[in-house]
Amino acid sequence: MVPPGYTFAHYPATQAAHDLSVVSAVASIFSNSFGTNPKTGQPYRLGPNKTRERLQGTDDLVMALDSAGGYVGYVYGRRIDTPQGMVIWIDSLAVLPAHRRKGLGTNVVRSLIERHSVCRWVGCATPNPVAALVITRASEGVAYAGECSPPNELIEMIQNIRGQTPDLQGADFNAARLLVRTSFNPTISGDRKDWSPPHPSEPPPWWSSLSNLPYEYEALLIIDRQR
């Protein structure tokens, strides 16, 4: 259900890549969502050219708009067929800080997944356990993240998609812990106050291992929707 006061818009990602207003909105949301680089004191940036390039390599973009028609959040991802079943890989997810904790992230991800309802797997790489929690709320199934013992079928699926996802291309992959070593990680800004679980209930068992990741790592979250 769309949160009150907001609307969602869906775009084929390749089409969105040719719409300057959409590309600029995605770039702006990203650049205002991930804190600052402690070395430069500047916000992490993803400019329009790089944003356009990333969108061209994906399949679907879902944007959240506020009551004034301004873009305030997004998710985009790609569909990949594997012998282990279809994968929806989330390339990027962001909501502007002023619009968080209203269900926007959960619902844009859910909208993306529903467009590919026959998919077996939903996956992403993230340094932030809040993002992982949002994605697990958006999809039913068994979640594997952080310190876990993933089944061989899941590992085989990841190996099959590594060449088709920027998150995994050339990354040092630890199958036992579902980690990738990456050159980009916005969490080194040191601002972790938004990482507290956005609800009073007990956090999922993988929460602590993700919330204490070394800055050069991201965690893989994989949801098996058939389990």
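Above this note sits the structure.
What this report covers is the structure whose coordinates are included nearby.

About the cut-offs
Residues numbered from 1 in each chain as written. Predicted model: local features only at pLDDT ≥ 70, side-chain atom pairs only at ≥ 80, totals over all residues. Heavy atoms only, no water. Phe/Tyr/Trp six-rings, centres within 6.5 Å; stacked < 30°, edge-to-face > 60°. Buried < 20%, exposed > 50% of the residue type's maximum accessible area, 1.4 Å probe, protein only. Salt bridge = Lys/Arg side-chain N within 4 Å of Asp/Glu carboxyl O. Helix = DSSP H or I, 4+ residues; strand = E, 2+ residues; numbered from the N terminus. Core = buried A, V, L, I, M, F, W, Y, C linked by side-chain atoms within 4.5 Å. Polar contact = N/O pair within 3.5 Å; in protein donor to acceptor, adjacent residues only side chain to side chain. Axes fitted to C-alpha atoms, helices over the stretch in contact; angles between N-to-C directions. Parallel < 35°, antiparallel > 145°, perpendicular 65-115°, else oblique. Contact = heavy atoms within 4.5 Å. Nonpolar A, V, L, I, M, F, W, Y, C, P; charged D, E, K, R; others polar. Left-handed = near helix turned anticlockwise from the far one by under 90°. Pairing = 2+ DSSP bridges. Right-handed = clockwise from strand over helix to strand, strands pointing away.

Thoughts on the packing of aromatic side chains
Inspection of the entire model under this criterion finds one aromatic pair. Ring centres 5.6 Å apart and planes at 15 degrees place the aromatic pair Tyr-74 and Tyr-76 in the stacked group. Tyr-74 gets classed as buried once you look at its relative accessible area, which sits at 0%. Here Tyr-76 falls in the buried class, since its relative accessible area comes to 0%.

Notes on the pattern of salt bridges
Applying the stated rule across the entire model yields seven salt bridges. Between Lys-50 and Glu-53 there is a salt bridge, and its shortest N-O distance comes to 3.2 Å. In this pair, Lys-50 and Glu-53 both sit in helix α3 (residues 48-56), three residues apart, roughly one turn of the helix. For Glu-53, a relative accessible area of 48% corresponds to the partly exposed category.

As for the nonpolar core
In this structure, Leu-61, Tyr-74, Ile-90, Val-109 and Ile-135 are the most contacted members of the largest nonpolar core, which totals 53 residues. Counting residues in hydrophobic clusters, the runner-up holds 19 residues, among them Ile-80, Tyr-144, Cys-148 and Leu-178.

Looking at helix α5 (residues 129-138)
Where burial is concerned, most of α5 is hidden: eight out of the ten residues are buried. For α5, the full list of buried residues reads Pro-129, Val-130, Ala-132, Leu-133, Val-134, Ile-135, Thr-136 and Ala-138. Two or three places before Val-130, at the opening of α5, Asn-128 has a side-chain oxygen 2.8 Å from that residue's backbone nitrogen.

Here's the deal with the packing of helix α2 (residues 20-31) against α3
Look at α2 against α3: their axes get within 9 Å of each other, and the N-to-C directions meet at 105 degrees. Of the possible angle classes, the one that applies to α2 and α3 is roughly perpendicular. Mapping the contact onto sequence places Leu-20, Val-23, Val-26, Ala-27 and Phe-30 in α2 and Pro-48, Thr-51, Arg-52, Arg-54 and Leu-55 in α3. Partitioned by chemical class, the residues of the contact of α2 with α3 number seven nonpolar, one polar and two charged.

Considering the packing of helix α4 (residues 104-114) against α5
Relative orientation of the contacting elements α4 and α5 amounts to 50 degrees, with a least axis distance of 8 Å. As the angle between them shows, α4 and α5 are arranged oblique. Both α4 and α5 take part in a crossing whose hand is right-handed. Contacts between α4 and α5 pair Gly-105, Thr-106, Val-109, Arg-110 and Ile-113 from the former with Val-134, Ile-135, Arg-137 and Ala-138 from the latter.

A word on the pairing of strand β5 (residues 121-126)
Counting buried positions along β5 yields six of six residues, so the element is predominantly enclosed. Of the two faces of β5, the one lined by Trp-121, Gly-123 and Ala-125 and the one lined by Val-122, Cys-124 and Thr-126 are each fully buried. Pairing analysis gives four bridges linking strand β4 (residues 87-95) to β5, with the strands arranged parallel. Among the inter-strand pairings, Trp-89 is bridged to a residue of β5, identified as Gly-123. Remark: the β4/α4/β5 crossover connection has right-handed handedness. Sheet topology note: the β5/strand β9 (residues 217-224) ladder contains six bridges and is antiparallel. Its bridge partner being in β9, Gly-123 is matched across the sheet by Ile-222.

Purely geometric stuff here, so don't read any function into it on its own.
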